[in-house]
Amino acid sequence: MSELPKARIATASLAGCFGCHMAILDIDERLIELMQLVDVDRSPLTDKKRFTTRCDIGIIEGGCCNEENVHVLYDFRRNCDVLIALGQCAIMGGLPAMRNAIMHSDAPLRECLEEAYITGKYIRNTTHNVPNDPALPLLLDEVYPCSEVVEIDYQIPGCAPSGDIIFDTLAKLLTGKFRGFEREMIKFD
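To start, this report covers the structure provided alongside it. (Residues numbered from 1 in each chain as written. Predicted model: local features only at pLDDT ≥ 70, side-chain atom pairs only at ≥ 80, totals over all residues. Heavy atoms only, no water.)

Attention shifts here to the pairing of strand β5 (residues 80–86). Along β5, five of the seven residues are buried, which leaves the element largely enclosed by surrounding structure. In this sheet, β5 lies alongside strand β3 (residues 55–61) in parallel orientation, the contact comprising six bridges. Its bridge partner lying in β5, I60 is registered against A85. Direction of pairing for β5 relative to strand β7 (residues 154–156): parallel, over a ladder of three bridges. Of the residues in β7, the one forming a bridge with L86 is I156. (Buried < 20%, exposed > 50% of the residue type's maximum accessible area, 1.4 Å probe, protein only. Helix = DSSP H or I, 4+ residues; strand = E, 2+ residues; numbered from the N terminus. Pairing = 2+ DSSP bridges.)

Turning next to the side chain of S43. Along the chain, the position of S43 falls in the loop between β2 (38–40) and β3. Using a relative accessible area of 2% as the deciding quantity, one classes S43 as buried. With residues up to four places along the chain from it excluded, the contact list for S43 reads T11, H21 and K48. (Contact = heavy atoms within 4.5 Å.)

A word on the state of the cysteines. Evaluation of the coordinates by the stated rule reveals zero disulfides. There is no disulfide at C20, and the cysteine sulfur nearest it, in C17, is 6.6 Å away. No disulfide involves C89; its nearest neighbouring cysteine sulfur is the one of C159, lying 5.8 Å away. Overall, C89 belongs to the buried group, its relative accessible area being 15%. (Disulfide = S-S within 2.5 Å.)

This part is about a nonpolar patch on the surface. Judged by side-chain polarity, M22, L25 and L45 come together as a nonpolar surface patch covering roughly 260 Å² of accessible area. Tracing the sequence through the fold places L25 in helix α1 (residues 19–25). (Patch = residues over 30% accessible without salt bridge, like charges linked within 9 Å, V, L, I, M, F, W, Y side chains within 5 Å. Areas by Shrake-Rupley, 256 points an atom, 1.4 Å probe, with all protein chains shown as cover. Salt bridge = Lys/Arg side-chain N within 4 Å of Asp/Glu carboxyl O.)

The next subject is the sheet that holds β2. Taken in spatial order, the five strands of this open sheet run β2-β1-β3-β5-β7, and their pairing is parallel. Each of the sheet's edge strands pairs with one partner strand only, and the pair in question is β2 and β7. Averaged over all adjacent pairs, the angle separating strand axes in this sheet is 30°, with direction ignored. Each of β1 (7–13), β3 and β5 is contacted by helix α3 (residues 67–79), which is oriented at about 135° to β5, the strand it contacts most. Against the sheet, helix α7 (residues 163–174) contacts β1, β2, β3, β5 and β7, and its axis sits at roughly 160° relative to β3. (Axes fitted to C-alpha atoms, helices over the stretch in contact; angles between N-to-C directions.)

Since one α-helical turn is 3.6 residues long, residues separated by three or four positions face the same way. For α7, built from twelve residues, the straight-helix expectation of 16 Å at 1.5 Å per residue is met to within 8% by its first-to-last C-alpha distance of 16 Å. With nine of its twelve residues buried, α7 lies for the most part within the structure. Taken together, the buried positions of α7 are G163, I165, I166, F167, T169, L170, A171, L173 and L174. Following α7 by one or two positions, G176 adopts a phi angle in the positive range, close to 70°. (Expected span 1.5 Å × (residues − 1).)

Structure (structure tokens):
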């Protein structure tokens, strides 16, 4: 496997719990085998915040809930030949998308933020203000799956996907052998 030129991969976590990145670490000792095939560019795993060069594969976990998530997703699409949505938050919005039901109810965003930061039963906000700083990204009207913002080439399902399915998918993509998922890999017991 090591005679192939190394591919470059990048990863990012958007609106989610970071569980899919933890699942990447669940590849365990096979990470050594994977590292023979890849160099990791921009990623929270390397603490590189910007692309240093074009990447063969980009892996995104989490949906888009704010303007920063959208910018990161556009940046990945521009800089990666193949873009993978990893996990249910990236594929369908996941748990963060539960706020969509609230946002489509009679309570507009402002009322939700006021309850979260000012009027909530256990809130001790002495300023009585909703945080509003230029450093905070603007919230979108709802949480969007990555595929509604940019073109996604592959989706790896699960919450979080197992280390086995992540390793198997990446290894097959890197060696040109990926032909889709075998049922045994994506069924849940």
